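Chain by chain, the residues run as shown.
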Amino acid sequence: MLEAARPGTAEALTVDRLSLSFPGHAVLREVTFSLAQGAFCGLIGSNGSGKTTLLRTILGFQPPQSGEVRIGGLAGPRGRSSIGYVPQKIILDTDMPLRARDLVALGLDGNRLGLPFPSRARARRVDEMLQAVDALAFADQRVGNLSGGQQQRVLIAHALIRRPRLLLLDEPLANLDVRAVADIVTLLRRVAVEDNITVLVSAHDMNPLLSSMDRIVYLANGRAASGTTEEVVRTEVLSALYGHHIDVIRVHGRVLVIAAGAADEIPIAVERHPAHVAEIP
Amino acid sequence: MSLLNAIVSPGFFTSGPVLTAAVVGGGAAIVSGLVGVFTVIRGQSFAGHSLADVSSAGGSVSFLLGINPLLGFLGVAVLAAGAMELAGLRRAQERDLVTGIVLGAGLGLTALFLYFDMSTQSTTGAAISVMFGSMFAIPASLIPLSLGVGAGAVLITGVIYRPLLLSSLHPDLAAVRGVPVRLVGLLHLLVLSLAVTLSAMTIGAILSTALLIGPAATALRLARRPGHAILLAMLIGLGATWGGILLAYDSYDWTSGHSWPVSFFIVTIIFLAYLLSGLPTLRSRA
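These figures come from a predicted structure and were not determined experimentally. (Residues numbered from 1 in each chain as written. Chains lettered and ligands numbered in written order. Predicted model: local features only at pLDDT ≥ 70, side-chain atom pairs only at ≥ 80, totals over all residues.)

**Q** I'd like a description of the overall build of chain A, backed by residues and values.
**A** Looking only at helices and strands, one finds ten helices and twelve strands in chain A. The 281 residues of chain A split such that 43% are buried. (Helix = DSSP H or I, 4+ residues; strand = E, 2+ residues; numbered from the N terminus. Buried ≥ 20, exposed ≤ 12 C-beta atoms within 10 Å, placed from the backbone.)

Have a look at this one:
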C-alpha cells in the first residue's frame, strides 16, 4: 500500500531495562524486549498492567526512571520522530467540524504553522492513504458520525500517512463489534507485512490477535515476557510473571488465562472480562 | 424609497456613533467567530465566559481612573488567562471549580469598583456600560486600538491554526507530532482573552459569551469542515451585530423616543439563529 519503510539492520524498537514507578507502586520493572522491522506484535496484559504507561514511555510522554527506548537504533526525539500513534478511547465529538479526509491530512502536516493551503499533491496523498485503509467511501463524512471501526481506520490512516517505522496503537479493538475487530486486525497485519512497518497493538484480550501476531509482549505486575505466542503463553512463563500459579487453557483456538486457587486470588482475565468465558463456543 | 426608509431609518448610514458601533462591533464579531469555534470544540465555553466576567473588573476600574476601557478589559482578561493556565488543572471538574471561584472573586471586585464609580462620579451609566455594553456610546477614537487587538487575535490563531486544531482533537495526537501542546493552549487562551475583551467592549462583559459561543455553536451544527465552520460563525456574528445595530437604531421610532439596547437585539438574533440551526432539515446536511 505504501512505499516500503527504509531498510535497516537495527531493530525497529528496543526497550532496554525500562523501569518506572508512581508513588507507592512500580508500574514497569526492567521491561526489556525488542521488535524486528515489519513485525506484527501484541502488547497483552489485563487492565492496569501498565500497557498504556509503557506505550506513553516509548512515545516520550512519560520519562522513565531508568532504562532506554531506541527506535530504529536511535534514542530520544530523533527515534521518536518515526512513530505513528493511535491513542486509547479517543472520542470524536459529533459536532467536530472535521471530515475523515481532514483528519488524515492533519496527520501529514498538523504540526506545521500557518493555514493549510490545498494542493493537488496533498489531496492525492490523503486519497491514497484513505484508499489504503478502505476509508474512501466515507472520506467526506464528519468523523464524529462514523462507526467505531470506521473511526479506527481513519485514525490509522492519520498515523500512517507520514510513513513511520513503528505504529503504536493503544487498545484499538476495545468497544468494536466482532466484525470490525477482525477487519482492523487484518488491516494492521497488512500494514506490517506489505509496508514493513512494525505494528505494536495493546489489548487486554489476546484472542483476536492470536492467529496473526508474530510476537507477543505480555505484561503483568510491571514485568514483561516476550517471544512468540507459543513461547510466552504457557503456564510456566505466565506463572513466573504473575508470581502465582496461572492456568493457560486452550479451547477451540482460543486462549484463557486463569489464576487458580482461593477465591481471593481472583482470576486475572476472567474477573475483569467475564464475557471471555461466555464467548467460549 | 419609503419601504427602504421604513427598514433603514434616515440618517443611519451618516451617523457617527452607528458607524463606530458597526466597525468595532463587526471586528468583535469576526474575532469571536474565529476564536469561538476553537473555544467550543475545546470545551472551554465556561472559561471564555469567566474571562469576560472577570475582565469587567478592569472595565469598571478604567471608568474610575478615566483610562481607555479597552485597556482595562484587556489587562485583566490577559492576567486571568495567564492565571488559569498557571493553575494548570487537567481534570475538567477541577478546572470548572477554580474557574468559577476566580470568576466570583472578579465579579466581587467589579461590584466594588462600580460602587466607587457611582459614588465618586455620579455616573450611573458605568454599570450598564460595563456589564451590558452601550454600543452607540463607543468613542470613535477606540477604532484603531480595537481593530489592532482584533488583527492580533486573528494573526495568532492563523499561525497556530493546524497545531491548535490537532491538539483540540486530542492532545496526544498533537504531542506525538512534536506540537508543544501547552504553549498552543496558552496562546489560544491569550487569543480568547483578546476576543472576549473586544466583545465586552461592544455588547458588555456579561453578554460577550453570547457572541463568542452562539455563532460558533450554530456553525458547528451546520458545517462539516473547520474552515467553513469558522467562516459561518463569523458571518452569523456579523449579521447579528449589524442587524442588532439596525434594529436598535430603528427602535427609536417604534418606542417613544428611547431606543432599546443594541445588545438585546444582537443576543436575540444569535439565539434565534441557534434555534433555527437545530431544525432537522438543516442539520441533516452536515
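There's more to say after this.
**Q** I'd love a proper account of the overall build of chain B, names of residues and values included.
**A** Within chain B one finds 14 helices and zero strands. A compact globule built from 286 residues would reach a C-alpha radius of gyration of about 19 Å, and chain B, at 19 Å, matches this within 12%. Across its three principal directions, the C-alpha atoms of chain B cover 60 × 50 × 30 Å. Here chain B holds 286 residues, and the buried ones make up 49% of them. Considering only contacts in chain B between residues 6 or more positions apart, those separated by 24 or more positions represent 75%. (Rg over C-alpha atoms; globule rule 2.2 N^0.38 Å. Contact = placed C-beta atoms within 7 Å.)

**Q** Can you lay out the domain arrangement of chain A for me, pointing to particular residues and giving the numbers?
**A** Interface size is often expressed as the accessible area that is lost when the parts come together. Residues and elements named next belong to chain A. Once the domains are mapped, chain A shows domain 1 (13-233) and domain 2 (234-281). When each unit is reduced to the centre of its C-alpha atoms, the spacing between domain 1 and domain 2 is 26 Å. Listed by partner, the interface residues are 14 residues for domain 1 and 14 residues for domain 2. Every element with two or more residues in the side of domain 1 that touches domain 2 is listed here: β9 (215-220) and β10 (223-227). A class-by-class count of the residues in the side of domain 1 that touches domain 2 yields seven nonpolar, five polar and two charged. (Domains from an automatic or database assignment. Nonpolar A, V, L, I, M, F, W, Y, C, P; charged D, E, K, R; others polar.)

**Q** Got a sec to walk through the environment of I230 of chain B? Specific residues and values, please.
**A** Residues and elements named next belong to chain B. Mapped onto the secondary structure, I230 falls in helix α12 (residues 226-254). Classification of I230 as buried rests on a count of 24 C-beta atoms within 10 Å. With 194 residues separating them along the chain, I230 and G36 place their C-alpha atoms 8.3 Å apart. Those residues in contact with I230, other than ones at most four positions away along the chain, are G33, L34 and V37.

**Q** Any details on the sheet that holds strand β2 (residues 25-35) of chain A? Residues and values, ideally.
**A** One open sheet accounts for four strands, arranged β2-β1-β4-β5 (chain A); its pairing is antiparallel. Either end of the sheet is taken by a strand with one partner, and the two such strands are β2 and β5 (74-75) of chain A. (Pairing = 2+ DSSP bridges.)

**Q** Describe the nonpolar core, with residues and values.
**A** Of all hydrophobic cores here, the largest spans 167 residues; its most connected members are C41, V104, A157, V199 and Y218 of chain A together with V37 and A195 of chain B. Residues lining this core come from more than one domain, with at least three contributed by each of domain 1 (13-233) and domain 2 (234-281) of chain A. (Core = buried A, V, L, I, M, F, W, Y, C linked by C-beta atoms within 7 Å.)

**Q** Hey, could you go over the sheet that holds strand β7 (residues 166-170) of chain A for me, with residue numbers and the actual values?
**A** All names here are of chain A. The six strands lie next to each other as β6-β7-β8-β3-β9-β10, forming an open sheet whose pairing is mixed. One side of each edge strand has no neighbouring strand; the edge strands of this open sheet are β6 (83-86) and β10. The mean angle between the axes of side-by-side strands here comes to 15°, regardless of whether they run parallel or antiparallel. As paired elements, β7 and strand β8 (residues 198-203) share five bridges and run parallel to each other. (Axes fitted to C-alpha atoms, helices over the stretch in contact; angles between N-to-C directions.)

**Q** Just give me the short version of the confidence of the model for chain B, but keep the residues and values in it.
**A** Looking at chain B, pLDDT values average 85 and 91% of them are 70 or higher. Predicted as a complex, the structure gets a pTM of 0.86 and an ipTM equal to 0.84. (pLDDT = per-residue confidence, 0-100.)

**Q** Let's hear about the pairing of β6 of chain A: which residues, and what values?
**A** All names here are of chain A. Here β6 shows two buried faces, one formed by I83 and Y85 and the other by G84 and V86. Pairing of β6 with β7, which is carried by four bridges, proceeds in the parallel orientation. Note that in β7 the partner of I83 across the bridge is L166.

**Q** Give a description of the packing of helix α3 (residues 45-65) of chain B against helix α10 (residues 181-203) of chain B that names residues and reports values.
**A** All names here are of chain B. At a minimum axis distance of 9 Å, the contact between α3 and α10 shows a crossing angle of 60°. It follows from the interaxial angle that α3 and α10 lie oblique. Considering how the two elements wind past one another, α3 and α10 form a crossing that is right-handed. Of the residues in α10, those touching α3 at G48, L51, A52, S55, S56 and G59 are L192, S193, V196, T197 and A200. (Parallel < 35°, antiparallel > 145°, perpendicular 65-115°, else oblique. Left-handed = near helix turned anticlockwise from the far one by under 90°.)

**Q** Lay out unusual backbone geometry with the relevant residues and their values.
**A** Apart from glycine, the bulk of residues carry a negative phi angle, and the bulk of peptide bonds sit in the trans form. Residue and element names in this part refer to chain A. At R163, a residue that is not glycine, the phi angle is positive and equals roughly 55°. Here the phi dihedral of N175 falls at roughly 65°; this positive angle occurs in a residue that is not glycine. With respect to the helices, strands and loops of the structure, N175 is situated in the loop between β7 and α6 (178-195). Classification of N175 as exposed rests on a count of 12 C-beta atoms within 10 Å.

**Q** Explain the interface of chain A and chain B to me, using residue names and the numbers behind them.
**A** Contacts between chain A and chain B engage 22 residues on the former and 27 residues on the latter. Counting only elements with at least two residues in the side of chain A that touches chain B, the list comes to β6 and α3 (100-109) of chain A. Per-element tally for the side of chain A that touches chain B: the top contributor is α3 of chain A, with three residues. Tallied by class, residues from the side of chain A that touches chain B come to 13 nonpolar, three polar and six charged.

**Q** Please set out the environment of T110 of chain B residue by residue, giving values where relevant.
**A** Position of T110 of chain B relative to the elements: it lies in helix α5 (residues 92-121). Ignoring sequence-local partners within four residues, the contact set of T110 of chain B consists of S56, A57 and S60 of chain B.

**Q** Give me the lowdown on the packing of helix α2 (residues 16-41) of chain B against helix α11 (residues 208-222) of chain B, citing residues and values where you can.
**A** Residues and elements named next belong to chain B. Following both chains from N to C, one finds α2 and α11 inclined at 65°, their axes separated by 7 Å at the closest point. Here the hand of the crossing between α2 and α11 comes out right-handed. Residues A28, A29, S32, G33, V35, G36, V37, T39 and V40 of α2 touch α11, and the partners they reach there are L211, L212, I213, P215, A216, A217, A219 and L220.

**Q** Hey, could you go over helix α8 (residues 161-169) of chain B for me, with residue numbers and the actual values?
**A** Burial of α8 of chain B is extensive: nine of the nine residues sit out of reach of the surface. Listed as buried for α8 of chain B are Y161, R162, P163, L164, L165, L166, S167, S168 and L169 of chain B. Against the buried residues of α8 of chain B lie α3 of chain A together with α2, α7 (143-159), α9 (171-176), α10 and α12 of chain B.

**Q** Outline the pairing of β7 of chain A, supporting the account with residue identities and numerical values.
**A** Residues and elements named next belong to chain A. With respect to burial, β7 is a largely interior element, five of its five residues being buried. With burial as the criterion, each face of β7 is covered, one bearing L166, L168 and D170 and the other bearing L167 and L169. Each parallel crossover has a hand, and for β7 linked through α6 to β8 it is right-handed. (Right-handed = clockwise from strand over helix to strand, strands pointing away.)

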